[in-house]
Amino acid sequence: MVGPRHPKSHPPGSRSPGATRRTALGLLLGAPALSACAGVQQSLSQFSNPFSSSAPPAQPAGPQQQATTAGTGGVKVGLILPLSAAGNAGLAAQSMRNAAEMALAEFQNPNIQLLIKDDNGSPQGAQAGAQQAVDEGAEIILGPLFAQSVPAVAQVARTRGIPVIAFSTDSSIAGRGVYLLSFLPESDVNRIVEYSAGIGKRSVAVLVPDNAYGNVVEAAVKAAVPRRGGRIVAFEKYGADRATPARTVAQQLGSADALFIADDGDAVVSVADAMTAAGANLRNIQLLGTGLWDNPRVYASAALQGGLYAAPDPAGFRAFSGRYRTRYGAEPIRTATLSYDAVALVAALARTQGGQRFSSDVLTNPSGFAGIDGLFRFRADGTNERGLAVMKVTQGGGVAVAGSPKSFGA
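Fair warning: this is a prediction, and the values are worked out from it, not measured in the lab.

1. Digging into the overall build of the protein chain
Of regular secondary structure, the protein chain possesses 13 helices and 16 strands. Within the protein chain, the proportion of its 410 residues that are buried is 57%. Accessible surface, the protein chain: about 15,600 Å² in total, of which carbon and sulfur atoms supply 50%.

In structure tokens:
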């Protein structure tokens, strides 16, 4: 049992809180243990960051795919993905569908049936898919992927008292029965700030992009740093002009012992170069970042060597990728683990939690669940917290300097 339980009312006939807590961490362990398969770690930012946008790609979608099912169990579960959406979205959706079906195959005799619906990359398609799923008896809905489609699905689900586990990274759409199983920047920020404070880095300068992602990181870092006994000595946002904010922060860097830059790939490298051009010696300060630093451009940057960022332990994804390649002959997208974990979770809950299997009390168990990317738990507000590792930037890729936690604190 880890941490205090959030006060909740317990419906008649529900399982006792103690029983739920004792079983929580093992709920996903009915799936096969992770193998030692080798695999190349794909960039976490490749597919996680683009989908934080509320709008799907502008290209026209293809013909909507027919609804299908997977599994023959008695517990019906809706799965809504933009299978016919254009570009990367459709490719991501197919990979996530494959991962969901792989979870069914690897979980031993799951008592669930997936009702797979193509939302065509639109809120209207997502709402129609959700309506079909609940009419066919779905007790929970997994997906959709796009933030703008989640409220449309939630509207249908709430009328039936059915929870939704969506894959969007937009925290503003969580709550009231909508839970996000995604890589949220808030978890990255909290983990890296906690770790850096633990090694004595408490005076932090911050540079974030002037966009939706930067706004989320701004709120998280301004809460996390003082909570860990630190202070923010400089804070700037940047747009196309990175030189001016970089000069402003560089002038105040003498009073900082850490520099937090929240961006990915080309952008992070460009900001670091702008800081160097402004006279900052980045070798004399601890660089900090988020999981979007998991990017080949970051690893190749001389200026970012030794930087620390929070991300899932890559061992889980490497093992998952090996099994996926064996089954499908292709590489999974990085966020395919989300659909795998979602299906494994509902299969485990269906097996162990009886009639209350998808209740808010079970889904928000404070001990959390063990997934491909480590521990995760849903908060009462629908967001999630992940047990993340701390990785160091090297020329050869990310190297773990602190492993992911084995259990959650309070």
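2. Notes on the packing of aromatic side chains
This structure, assessed with the given rule, holds eight aromatic pairs. Relative to Phe378, the ring of Tyr179 has its centre 5.5 Å away and its plane inclined at 50 degrees; by these criteria the two rings are tilted. On the criterion of sequence distance, the pair formed by Tyr179 in strand 6 (residues 178-180) and Phe378 in strand 13 (residues 374-378) is long-range, its members being 199 residues apart. The same class applies to Tyr179 as to Phe378, namely buried. With a centroid separation of 5.7 Å and an interplanar angle of 45 degrees, the aromatic rings of Phe369 and Phe376 are classed as tilted. Relative accessible area serves as the criterion here: at 0%, Phe376 is assigned to the buried category.

3. Digging into the side chain of Ser149
Structurally, Ser149 can be placed in the loop between strand 4 (140-142) and helix 5 (150-160). Note on Ser149: relative accessible area 0%, which makes it buried. Ignoring anything within four residues of it in the chain, the contact list for Ser149 reads Ser122, Pro123, Ala126 and Pro144.

4. Structural notes on the sheet that holds strand 4
Taken in spatial order, the six strands line up as 1-3-2-4-5-6 in an open sheet, and their pairing is mixed. At either end of the open sheet lies a strand with only one pairing partner, and these are strand 1 (68-70) and strand 6. Adjacent strand axes in the sheet meet at a mean angle of 25 degrees, parallel and antiparallel pairs treated alike. Pairing between strand 5 (residues 164-166) and strand 6: three bridges, direction parallel.

5. Some thoughts on the pattern of salt bridges
Under the criterion given, the structure shown has 14 salt bridges. Taking the shortest distance from any N to any O, the salt bridge between Arg323 and Glu106 comes out at 2.9 Å. Taken together, the residues Arg323 in helix 11 (residues 314-328) and Glu106 in helix 3 (residues 87-106) connect sequence positions 217 residues apart. Per residue, the accessibility class of Arg323 equals that of Glu106, and both read buried. One continuous salt-bridge network, built from bridges that share partners, spans Arg191, Glu194 and Arg228.

6. Describing the pairing of strand 8 (residues 231-238)
Bridge analysis of strand 7 (residues 203-209) against strand 8 gives seven bridges, and the strand direction is parallel. Bridging from a neighbouring strand, Ser203 pairs with Arg231 of strand 8. Since strand 7 and strand 8 lie parallel, the crossover through helix 7 (residues 212-227) that links them has a hand, and here it is right-handed.

7. Re the packing of helix 11 against helix 12 (residues 336-352)
Running from N to C, helix 11 and helix 12 point in directions that differ by 85 degrees, and their axes come no closer than 11 Å. Classified by the angle their axes make, helix 11 and helix 12 are roughly perpendicular. Of the residues in helix 12, those in contact with Phe317, Phe320 and Arg323 of helix 11 are Ala336, Thr337 and Tyr340. Across the contact of helix 11 with helix 12, the residue classes tally to four nonpolar, one polar and one charged.

About the thresholds
Residues numbered from 1 in each chain as written. Predicted model: local features only at pLDDT ≥ 70, side-chain atom pairs only at ≥ 80, totals over all residues. Heavy atoms only, no water. Helix = DSSP H or I, 4+ residues; strand = E, 2+ residues; numbered from the N terminus. Buried < 20%, exposed > 50% of the residue type's maximum accessible area, 1.4 Å probe, protein only. Areas by Shrake-Rupley, 256 points an atom, 1.4 Å probe, with all protein chains shown as cover. Phe/Tyr/Trp six-rings, centres within 6.5 Å; stacked < 30°, edge-to-face > 60°. Contact = heavy atoms within 4.5 Å. Pairing = 2+ DSSP bridges. Axes fitted to C-alpha atoms, helices over the stretch in contact; angles between N-to-C directions. Salt bridge = Lys/Arg side-chain N within 4 Å of Asp/Glu carboxyl O. Right-handed = clockwise from strand over helix to strand, strands pointing away. Parallel < 35°, antiparallel > 145°, perpendicular 65-115°, else oblique. Nonpolar A, V, L, I, M, F, W, Y, C, P; charged D, E, K, R; others polar.

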